[in-house]
Each structure stands twice: as C-alpha cells, then as structure tokens.
Amino acid sequence: MKTKYIFILCSLMSVSLTSCGQVLDYSTHLDDYVTVMNYRDGFNILQLTDIHWSNNSSTMSSKIYLNKVFTEVVNHVDKIDLVEISGDLFMLANYYHITTFINYFEAKAVEYGFKYAVIWGNHDHHGLYNPNYLSKEFARANHSIYIDLEDNLYGRSNFVINLKKDEQVKWQITNLDSGACFSETAIDAFRNYDYIRQDQTDWWVLEHQKVGETVPNITYYHIPQQDNQRLWDEIHNNGATYKNKFFKLEEFDSSEGEEYASNFIETAKLHNLKGAFMGHAHNVDWTVDYDGVTIGLGVKTGTELYFAHVDASSDDPAVQEGLASTGITENFDLIGASLVTLKDETGNFDLEHLYLNERVNGDFIKWVKY
C-alpha cells in the first residue's frame, strides 16, 4: 500500500472516499491479488536475490553473469517456468538501471518462456527515483508478475500466483513485502530492518483458504524473520535435530525485539505452507526443515555489493559445517541462484542451490541438492 493523502475537501463536498480514490479492503478483494499460471509436475521456480544494480554497477558484466546463470539452469532442467526475484534488485540506482533491468528480464522471459515475479527489498527504496515509478514499470512490463494495489494491506508486493491444472489450483505461490526498515514518509532510526505484519499474515491465510487448505504453498519474501535465528540457536545451542544445510557466515539481520516479531511461519505452517524462501543476508543460504516447512535463504545472485569468499582451509566451524553439508572441498564464492522444482500435486518439491563463479580457467559450477 502506498502512502495516500486524501484531502478534507472530499468530506466537505460530501463526496465518498470511493470517488476521491478508493482504498481497497484486502479482505473483500482477494481476487485482485491473484495471477494464474498453468501447473505441470516438474514446474521450476528459479530464485534470484540481491542483484543490487546500482550507480557503481557494470550492467554489462552483470548481464554476462546472469546469462551464465540462465544458461546453466536451462542445461540442468527442461524449462524455467517462473523466476522469483526476491528483493534488492537495486541500490542507489537511477532510471537507467530500472529500464535496463526490465529490458533484460523481458528479453530473457521471451527467450526462455518464463514469467518473473518481483518482490521489494529494503534497498529498492534507496534510489534516485520515485518508488511509485518503479511499481508502475514492473506492473506494466509484459512478462512481469507484480501487483501493488491502493489498499489497506501493508507493503507493495503482496500478491499470489495460483498454479492451475484442469481448472483446479494445484499449488499456490505467495509473495510478501517484508518491509524496508522505514516507512515511505519517515525514517525510524531505532528499527533494525523489518518484519511481516499481522495483516499480511491474515491476508495470506484468507488467500489460502480461498483455494483450499489441501493446496500446498511456497512463499517468497526478502528479509528473514526471527524464526531463522531461533531455529539456528535451537540446533547449535540446544541440540535440536532439525535437518539443516548450506552456509551461515553472517547474522540473519532479522528484526530485533518483540515489537518487530512476526508470527507468519507459526501461523502459515498450520495451513499447508511447504516452503518459505528469502534473501537479504548475502553471506547466508542456510536452510532448515521445521515442522514440515523448509525455511531458507536463496543464494545471492552476482557480485554486486558484498558476498562470502569461502575458504576451504578455514578453521571457522560455520564454514566447515557448510562445506561438509554441501560436499564442496575447494575455495569458492557464495553466489549463484536457487531452484525449486514442484514434483507433484501433493506438496513434494526439490530444492537445489547453484554456486556459479566466473573463473578465467573455466567457471566454477556446482549444484547442491537440499
């Protein structure tokens, strides 16, 4: 929901809110948040995250890297159906970067036959453009899936992709705006990143109930919530035996304090949530199974801003744990992409992480299955 200013003049003229610019009630307009795609067993969702095109970027080198990612993925699977870009597409960018970014993904969507869904990250608000401009550009791009309504629901990129076969929804993919660590009207210097609001969780439940509780769901958002750190602590400090894999080489930067706590995972796992995937922490792609839900971060895509250099000889326990879980035995950079393959209609899916490093003597390419 964008910040709205409705003048008192409307009231003085006894004109309804609807005629001055209606603010939709999300609970009664659930269909307005929905896009439909065709489902098939083997439906592939490629997650790209934290691409960070900026004024310090070489868009040409970034395109070359992304080209290699797309080529590797289509060599690995039969088809890319959906690309989820889970936040921080930009940082300190300008209108040129928006145009080149959208043009690039539109061209790739035509080349490979996919749709791409866009979620806001915290740095997407840090640009030399009006946020409304970015929303409008993604909303009207031909192959982009992006919905930003004038509503009473927190955030901009809350929308649903229902995957249908024979007129029945077989899977539901939900996108959430996990916040920007400040509102669009005032900076909150005391907030450490952001969280999923209660109204977003309530909306998620309503959208899922509308298609039926038996329909499995995967949700994408940008900022990890407190669940991630809590589960890490339960495993590493309290001896819990949840399945976990991949790397955690920095903190999750999740919200701190009870006032910023989210109950999204705890609520959604009671309603057939199968996976929740995010980005934001560049040196982390740690993934854990929790009460039937796979919670994990995607692999940071590309070399913009910062990323982890994994030293196989490091004596850091977190590095060695990650190496042991992946079977990698050499130095590499923690960049690439993530791939979810929906295996069937019952909620089974495969998760793979792709590590792709450009090297003069042949690129390092490693697929690791969760």
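What counts, and at which threshold
Residues numbered from 1 in each chain as written. Predicted model: local features only at pLDDT ≥ 70, side-chain atom pairs only at ≥ 80, totals over all residues. Heavy atoms only, no water. Pairing = 2+ DSSP bridges. Helix = DSSP H or I, 4+ residues; strand = E, 2+ residues; numbered from the N terminus. Contact = heavy atoms within 4.5 Å. Axes fitted to C-alpha atoms, helices over the stretch in contact; angles between N-to-C directions. Phe/Tyr/Trp six-rings, centres within 6.5 Å; stacked < 30°, edge-to-face > 60°. Buried < 20%, exposed > 50% of the residue type's maximum accessible area, 1.4 Å probe, protein only. Lys NZ or Arg CZ within 6 Å of the ring centre and 35° of its normal.

> How should I be thinking about the sheet that holds strand 4 (residues 115-119) in this particular structure?
By definition, the strands of a sheet pair up through backbone hydrogen bonds, in either a parallel or an antiparallel sense. In spatial order, the strands read 5-4-3-2-15-16-17; together these seven strands make up an open sheet with mixed pairing. Of all strands in the sheet, those with a lone pairing partner are strand 5 (144-145) and strand 17 (364-369), marking the two edges. Where strand 2 (residues 43-48) meets strand 15 (residues 336-342), five bridges bridge the pair, whose relative direction is antiparallel. Note that in strand 15 the partner of Q47 across the bridge is S338.

> Sorry, what's going on with the sheet that holds strand 9 (residues 244-245) here?
Here we have eight strands laid out as an open sheet, ordered 1-6-7-8-10-12-11-9, and mixed in their pairing. Of all the strands in the sheet, just strand 1 (34-38) and strand 9 have a single pairing partner and so form its edges. Strands in contact with helix 7 (residues 226-236) are strand 9, strand 10 (273-278), strand 11 (287-290) and strand 12 (293-297); relative to strand 11, the strand with the most contacts, it is inclined by about 85°.

> How should I be thinking about the packing of aromatic side chains in this particular structure?
The relation between two aromatic rings is expressed through the spacing of the ring centres and the mutual angle of the planes. Under the criterion given, the structure shown has 28 aromatic pairs. Centre to centre, the rings of F70 and F105 are 6.2 Å apart; their planes meet at 75°, and the pair counts as edge-to-face. Highlighted residues: F70 in helix 3 (residues 59-76) and F105 in helix 4 (residues 95-112), separated in sequence by 35 residues. For the pair F70 and F105, one class covers both residues: buried. For the ring pair F252 and W286, a centre distance of 6.0 Å and an interplane angle of 50° mean the geometry is tilted. Of the two residues, F252 is situated in the loop between strand 9 and helix 8 (264-268) and W286 in the loop between strand 10 and strand 11; the sequence distance between them amounts to 34 residues. Residue class for F252 comes out buried when judged on its relative accessible area of 1%. A cation over an aromatic ring shows up here: R197 above the ring of Y195, its NZ or CZ 4.0 Å from the ring centre. Over the ring of W232 we find K248; its NZ or CZ atom is 4.8 Å from the centre of that ring.

Remember that the coordinates give geometry; whether it matters functionally is a separate question.
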